[in-house]
Amino acid sequence: MQTFNLEGEFIPMIQLLKALNWVEHGGMAQRMVDEGLVKYNGEVDYRKRLKVRKGDIVEFEGMKVQII
């Protein structure tokens, strides 16, 4: 599992997926969330503007990141 060092209170889910280079652009990130391919703390989450915070775990296509 990789880690992502959060600077600030939160990062929106779409921005996180782009920052990790898990998707090429924001439109692709939105589609992945819409299609239920992203897990947030072990559960599928469809919120594109979800505020990901320290301690959260995000999964996508076999990749996993913990926010620190």
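Residues numbered from 1 in each chain as written. Predicted model: local features only at pLDDT ≥ 70, side-chain atom pairs only at ≥ 80, totals over all residues. Heavy atoms only, no water.

Novice: I tried to follow the overall build of the protein chain on my own but got confused; where do I start?
Specialist: Check the secondary structure of the protein chain and you find two helices and seven strands. Over its C-alpha trace the protein chain gives a radius of gyration of 10 Å, about what one expects of a compact globule, namely 11 Å for 68 residues. Burial status across the protein chain gives 37% buried among its 68 residues. Of the roughly 4200 Å² of accessible surface on the protein chain, 43% is carried by carbon and sulfur atoms. Averaging the locations of the 10 positively and 10 negatively charged side chains of the protein chain gives two centres separated by 4 Å. (Helix = DSSP H or I, 4+ residues; strand = E, 2+ residues; numbered from the N terminus. Rg over C-alpha atoms; globule rule 2.2 N^0.38 Å. Buried < 20%, exposed > 50% of the residue type's maximum accessible area, 1.4 Å probe, protein only. Areas by Shrake-Rupley, 256 points an atom, 1.4 Å probe, with all protein chains shown as cover. Lys, Arg positive; Asp, Glu negative; His and termini not counted. Charge placed at Lys NZ, Arg CZ, Asp CG, Glu CD.)

Novice: For this particular structure, what's the right way to read the sheet that holds strand β3 (residues 38–40)?
Specialist: Think of a sheet as strands paired side by side through backbone hydrogen bonds, with each pair either parallel or antiparallel. The sheet built from five strands is open, its strands ordered β1-β7-β6-β3-β4 with mixed pairing. Each of the sheet's edge strands pairs with one partner strand only, and the pair in question is β1 (2–4) and β4 (43–44). Pairing geometry for β3 and β4, over two bridges, is antiparallel. Paired with Lys39 across the bridge in β4 is Val44. (Pairing = 2+ DSSP bridges.)

Novice: In this structure, what is going on with helix α2 (residues 26–34)? I would like to understand it.
Specialist: Every α-helix carries 3.6 residues per turn, so stepping three or four residues along brings you back to the same face. Those residues of α2 that sit buried are Gly26, Ala29, Met32 and Val33. Along the long axis of α2, the arc covered by the buried residues comes to 120 degrees, so they all point the same way. Looking at the buried residues of α2, the elements they touch are α1 (13–19), β3 and β6 (57–60). Two residues or fewer past α2, Gly36 is found with a positive phi of approximately 75 degrees. (Arc of directions from axis to C-beta. Contact = heavy atoms within 4.5 Å.)

Novice: Mind showing me how you'd approach the pairing of strand β7 (residues 63–67) here?
Specialist: On any regular strand, side chains alternate: one points to one face of the sheet, the next to the other face. Examined bridge by bridge, β1 and β7 share three bridges and lie parallel to one another. Considered in β7, the bridge of Gln2 is made with Val65. Summarising the sheet, β6 and β7 pair through four bridges and their orientation is antiparallel. Opposite Glu59, over in β7, you have Lys64 as the bridge partner. Linkage of β6 to β7, two consecutive antiparallel strands, is achieved through a turn of two residues, within which Glu61 is found at a positive phi near 50 degrees.

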